[in-house]
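Working through the structure, step by step
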There are 2 protein chains.
Amino acid sequence: MSLEVYKPTIKPSVTTTASAAFVALCVLITGPEPSNAQEAAYVPEFTSDKLLKIPDAKLWREWPFVGSLVTPNAMNDGEAPFPEHHMVYIDPLSWVHYKKTGEFREGTVIAKELTLVRAPDGANEDGSTDEVSGTGYFMGEYSGFEITIKSEELYPDDPGNWAYYSFGHQPEPYNATAMRQPAEACNSCHEAVAAEDFVFTQFYPVLRSVKPK
Amino acid sequence: MSLEVYKPTIKPSVTTTASAAFVALCVLITGPEPSNAQEAAYVPEFTSDKLLKIPDAKLWREWPFVGSLVTPNAMNDGEAPFPEHHMVYIDPLSWVHYKKTGEFREGTVIAKELTLVRAPDGANEDGSTDEVSGTGYFMGEYSGFEITIKSEELYPDDPGNWAYYSFGHQPEPYNATAMRQPAEACNSCHEAVAAEDFVFTQFYPVLRSVKPK
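Let me begin by describing the structure that accompanies this report. All values derive from a computational prediction rather than experimental measurement.

**Section: the side chain of Ser-94 of chain A**
Assignment of secondary structure puts Ser-94 of chain A in helix 4 (residues 92-101). In this structure, Ser-94 of chain A is in contact with Arg-105, Gly-107, Thr-108 and Val-109 of chain A, ignoring residues within four places of it in sequence.

**Things to note about the sheet that holds strand 8 (residues 162-166) of chain A**
Residue and element names in this part refer to chain A. Spatially, the 5 strands line up as an open sheet ordered 2-3-4-7-8, and their pairing is antiparallel. Each edge of the open sheet carries a strand with a single partner, namely strand 2 (65-70) and strand 8. Looking at each pair of strands side by side, their axes are set apart by 20° on average, direction ignored. Relative to strand 7 (residues 139-150), strand 4 (residues 109-117) runs antiparallel, the two being bridged by 8 bridges. Bridge pairing links Glu-113 to Phe-145 in strand 7.

**Focus on the nonpolar core**
Within the largest apolar cluster, 84 residues are counted, with the highest numbers of intra-cluster contacts made by Ile-147 of chain A together with Ile-147 of chain B. Sequence-distant contacts of Ile-147 of chain B, that is, excluding residues within four places in its chain, are made with Tyr-42, Leu-52, Pro-55, Val-109, Ile-110, Ala-111, Ala-163, Tyr-164, Tyr-165 and Phe-167 of chain B. Grouped together as the second largest cluster of nonpolar side chains are 8 residues, Val-70 of chain A together with Val-70, Val-117 and Tyr-137 of chain B included.

**Points about the sheet that holds strand 3 (residues 85-90) of chain B**
Residue and element names in this part refer to chain B. Reading across the sheet, the 5 strands line up as 2-3-4-7-8 and stay open at both edges, with antiparallel pairing between neighbours. Whereas interior strands pair on both sides, the edge strands pair on one side only; in this sheet they are strand 2 (65-70) and strand 8 (162-166). On average, each strand axis in the sheet is tilted by 20° relative to the strand beside it, whichever way the strands run. Of the pairings in the sheet, the one linking strand 3 to strand 4 (residues 109-117) comprises 6 bridges and is antiparallel in character. Paired with Tyr-89 across the strands is Ala-111, a residue of strand 4.

**What to know about the pattern of salt bridges**
All names here are of chain A. Using the criterion set out here, one finds 20 salt bridges over all chains in the structure. With its nearest N and O atoms 3.3 Å apart, the salt bridge here joins Glu-146 to Lys-112. Taken together, the residues span a long stretch of sequence, with Glu-146 in strand 7 and Lys-112 in strand 4 at a distance of 34 residues. A residue is classified by how much of its surface remains accessible, and Lys-112, at 18% relative accessible area, is buried. By sharing partners, the salt bridges in this structure join Arg-61, Glu-113 and Glu-172 into a single network.

**Comments concerning helix 4 (residues 92-101) of chain B**
Two residues of an α-helix separated by three or four positions point the same way, owing to the 3.6 residues in each turn. Residues and elements named next belong to chain B. Within helix 4, the full set of buried residues consists of Pro-92, Ser-94, Trp-95, Val-96 and Tyr-98. Its buried side turned inward, helix 4 meets strand 2, strand 3, strand 4 and helix 6 (205-210). Positioned one or two residues after helix 4, Gly-102 has a phi angle of 75°, which is positive.

**Comments concerning the environment of Thr-148 of chain B**
All names here are of chain B. Along the chain, Thr-148 turns up in strand 7 (residues 139-150). When near neighbours in sequence (up to four residues on either side) are disregarded, Thr-148 contacts Thr-108, Val-109, Ile-110, Trp-162, Ala-163 and Tyr-164. Here the side chain of Thr-148 touches Ala-163 through a polar contact of 2.9 Å, landing on its backbone oxygen.

**What about the side chain of Glu-146 of chain B?**
Residues and elements named next belong to chain B. For Glu-146, a relative accessible area of 12% gives the class buried. In this structure the side chain of Glu-146 is engaged in a polar contact, spanning 3.2 Å, whose partner is the side chain of Ser-166. Of the polar contacts made by the side chain of Glu-146, one reaches the side chain of His-169; its length is 2.8 Å. In this structure Glu-146 touches Phe-82, Ile-110, Ala-111, Lys-112, Tyr-165, Ser-166 and His-169, once residues within four positions along its chain are discounted.

**What to know about unusual backbone geometry**
Between Glu-172 of chain A and the following residue, Pro-173 of chain A, the backbone shows a cis peptide bond with an omega angle of 0°. Summarising the element assignment, Pro-173 of chain A is placed in the loop between strand 8 and strand 9 (177-178). You will see that Asp-197 of chain B, though not glycine, has its phi angle at about 50°, which is positive. A relative accessible area of 28% means that Asp-197 of chain B is categorised as partly exposed. Positive phi is not limited to glycine here, since Phe-198 of chain B has a value of about 70°. Assignment of secondary structure puts Phe-198 of chain B in the loop between helix 5 (187-193) and helix 6. Take Phe-198 of chain B: its relative accessible area is 13%, and that puts it in the buried class.

Cut-off values and rules
Residues numbered from 1 in each chain as written. Chains lettered and ligands numbered in written order. Predicted model: local features only at pLDDT ≥ 70, side-chain atom pairs only at ≥ 80, totals over all residues. Heavy atoms only, no water. Helix = DSSP H or I, 4+ residues; strand = E, 2+ residues; numbered from the N terminus. Contact = heavy atoms within 4.5 Å. Pairing = 2+ DSSP bridges. Axes fitted to C-alpha atoms, helices over the stretch in contact; angles between N-to-C directions. Core = buried A, V, L, I, M, F, W, Y, C linked by side-chain atoms within 4.5 Å. Buried < 20%, exposed > 50% of the residue type's maximum accessible area, 1.4 Å probe, protein only. Salt bridge = Lys/Arg side-chain N within 4 Å of Asp/Glu carboxyl O. Polar contact = N/O pair within 3.5 Å; in protein donor to acceptor, adjacent residues only side chain to side chain.

See the structure below:
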């Protein structure tokens, strides 16, 4: 909304400079009040012994969505490393930064929530179900939550300055806190295979579509 | 941000009522200026002959994400009705309404974007690929886009007042406009199988998690 459009009818006598100051004051007082969590900055919180506190699920489930995939248990010897659907989100400010620069900024947070595949009334041998829109893998209940954070300040010695936290592979409630994973548990695979700065952008058309050319 | 917290330091002499009016004026002038599309209202646009114009992809890809699933071609006789990954989003104002009421409001828009499964270097017989996080279905390139709108005003005679539009099952660019589908093409399956008001909430844990009890 342009200030110029509204100035004449509301504050006809003030100068442009005064108007700008007025608007700045308004923003200071009212602040942005998004009804969703999507515009709010998220700053990770830690316990005194450096465990990452789990954010409110209402937060990350409203973040920009960057991709999903499914690794069914039935296709992974009955126990997929990540059971089974993955939903990947990025914090809103880092999304804005990525759209502008094509880079993951200091403080980027990527969240991955998992669900089991849906099989309420049994499933096919490969874990798929036959639904009205076709045979495939549909989402069941939540089954895990993980976060990765990029921060040179917090993780100066981790490859790429990315650290990984898992709040457990289980139904809700997830663990309230998470210990930082050793680099060989998560970071090493990301470093070896991820297409772009430890992020698997090769799996995420959403990120590829907004990356500046 | 609470007005009460900030009032003393900025406008110590005004009454609470005056402060509220001042804040209302500020909001009127400055408006919310989201850097993402997630807070903005979306109003469908039509051509003079009632074709729905496709919105900018930047818009719906920032909407709240409500779920995904995959119906691989390889599991559907080589030609899935919807090839192949489905990403489902809801317009932001209807998301806010759903969180409050558990209902899909007049004007709800649900968008479904499709991608093929990823198989850059070949795939397994079932269309899956073996990736570092497991064997499964990963996202390839965009392959289609569809929208459904609920509106008693626009669609008084459609079951549930839902109308369905497809902008094609093909790589981008999608079709610029879409004709409303006959009820038997889409609506009838939604009516018969969807768990809640023509929406497949049985597949969307995100929606189930925010629905008021």
